[in-house]
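Fold and geometry: a report
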Amino acid sequence: MFSLGSWLPALPGLAWGWALLDALLQGLVGACAVSVLCSLLKVYLYIQCMNNPERQVEKEAIAARRPLLEPLHVLVLTGVLALVGSRVAALVVLEFSLRAISTILSLGKGAHSSQLYLLCQYSLGCGVSCGLSFLLEGAPHRSWNLALAAGLAGLLALHARRLARHVCALYELHSRARYCGICILLLAAGHGIPRLLHNALAITFAVADLAAVELINRDFLSTGEAVRFWTPLTICYTLLVVYMQEESRQSTGRGLVFRTVMVRMGSLFILLLTVGRWTDILHVFVSLLGELWCLLHSGVLLESCWRQ
């Protein structure tokens, strides 16, 4: 494997240092993807609240400025995604994909896609990280490719954040006065943001699922080992999805979301105790922190989705 470090003399610990840099860059790309998702959902939910006089309190909560929270969110999520191993990240992606398919099939029964987009934040970061790890495996100058991807992702996240800030500050005035081209465009086509996110996430998770399966299978030396891993995993995930669907029909709100996270990570922890490695157990705890951090960061948006 060639990377930026391959051009430098072989020194003790140098390879480890460049591997850490690659992991941080992958994590940064994943964190920027989550930031773009949150910014676009913030724009959509703000417009929905502005169009409903009964939701003015929600609109003010969404528009509240937190200048340091967003950079901190990206920084923490970058660190979490860099620490999580590819094996656990792949399992998180596959679990969410099953859950998303089940939820989409039940949309006609009252499930809300906006809430699903918020619940996929950490899984999206893991999916982007898995996809990059798979696509760039063995690529010449891997570190340069990751640096370019991180730069582009950072610019996209920055512009999405500026769009959300602009909408929260000026959309109400500009949409009435027909003054700003961006606000006029959102006035005409803002309702299509969920469809845009749906298509983008579908492509991202399709690539991530293929990468996740490949990243997991490369650790097995025989078909028998793969079967011994995939069989309990499939049974566990199927039961988990059925349980969460039943829970969502009986209750909603913040308590359900955090309880679901604990059940999912607890199930993954028990599964990896039997078929995983000790490093996988550590990565499950890191993933739990990442999931909780994403939910706490998007608490206001989740409340708006539930009331919607």
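Here, every reference points to the structure presented above.
These notes cover the structure that comes with them. Since the model is a prediction, treat every value here as computed from it, not as a measurement. (Residues numbered from 1 in each chain as written. Predicted model: local features only at pLDDT ≥ 70, side-chain atom pairs only at ≥ 80, totals over all residues. Heavy atoms only, no water.)

1. Let's talk about the pattern of salt bridges
For clarity, the threshold we go by: What makes a salt bridge here is a side-chain nitrogen of Lys or Arg within 4 Å of a carboxyl oxygen of Asp or Glu, nothing more. The numbering of helices and of strands both runs from the N terminus, where a helix is a DSSP run of H or I of at least 4 residues and a strand a run of E of at least 2. When accessible area is computed with a 1.4 Å probe and restricted to protein chains, residues below 20% of their type maximum are described as buried, those above 50% as exposed, and intermediate ones as partly exposed.
One pass over the full model with this rule turns up five salt bridges. Note that arginine 142 and aspartate 22 form a salt bridge whose closest N and O atoms lie 3.5 Å from each other. Of this pair, arginine 142 sits in helix H7 (residues 142-177) while aspartate 22 sits in helix H1 (residues 14-50); the two residues are 120 residues apart in sequence, bridging distant segments of the chain. Assigned by exposure class, arginine 142 and aspartate 22 land together as buried. Put simply, arginine 264 and glutamate 291 hold a salt bridge, and the shortest N to O gap is 2.7 Å. A residue pair is termed long-range when its members are at least 10 positions apart, and arginine 264 in helix H11 (residues 254-275) and glutamate 291 in helix H12 (residues 278-297) qualify at 27 residues. Overlapping salt bridges, with partners in common, bring together Glu95, Arg99, Arg264 and Glu291 in one network.

2. Describing a nonpolar patch on the surface
Defined as follows: Each patch groups residues whose relative accessible area exceeds 30% and which form no salt bridge, using 9 Å between like charges and 5 Å between nonpolar side chains of Val, Leu, Ile, Met, Phe, Trp and Tyr. Accessibility throughout is a Shrake-Rupley quantity obtained with a 1.4 Å probe, and a residue counts as covered only by protein chains that appear here.
A contiguous nonpolar patch, built from Phe134, Leu135, Ile203 and Val207 and spanning about 360 Å² of accessible area, is present on the exposed surface. For the nonpolar patch, the secondary-structure elements that each account for two or more residues are helix H6 (121-135) and helix H9 (193-217). Topologically, phenylalanine 134 is positioned in helix H6.

3. Structural notes on the environment of alanine 160
Spelled out, the test is: Here, residues are in contact when the closest pair of their heavy atoms is within 4.5 Å.
Here alanine 160 lies in helix H7. With a relative accessible area of 8%, alanine 160 lands in the buried category. Those residues in contact with alanine 160, other than ones at most four positions away along the chain, are Val36 and Ser39.

4. Observations concerning H7
Put simply, the rule is: Under the convention used throughout, the expected extent of a helix is 1.5 Å for every residue step, that is, one less than its residue count. Throughout, the bend at a residue refers to the angle made by two axes, fitted to the seven residues ending there and to the seven starting there.
Compared with an ideal rise of 1.5 Å per residue, which puts 36 residues at 52 Å, H7 spans 49 Å between its outermost C-alpha atoms and is within 8% of the ideal. In H7, a bend of some 70° at leucine 170 exceeds every other bend along the element. Within two residues after H7, arginine 178 carries a phi angle of roughly 55°, on the positive side.

5. Structural notes on the packing of aromatic side chains
Rules: Two aromatic rings from Phe, Tyr or Trp, using only the six-membered ring of Trp, form a pair when their centres are within 6.5 Å; if the ring planes differ by under 30 degrees the pair is stacked, by over 60 it is edge-to-face, and anything between is tilted.
Under the defined criterion, the tally for this structure stands at two aromatic pairs. Measuring from ring centre to ring centre gives 5.0 Å for phenylalanine 96 and phenylalanine 205, while their planes differ by 35°; the resulting arrangement is tilted. Residue phenylalanine 96 is located in helix H4 (residues 86-105), and its partner phenylalanine 205 is located in helix H9; the two are separated by 109 residues in the primary sequence. Judged on exposure class, the residue phenylalanine 96 and its partner phenylalanine 205 are both buried.

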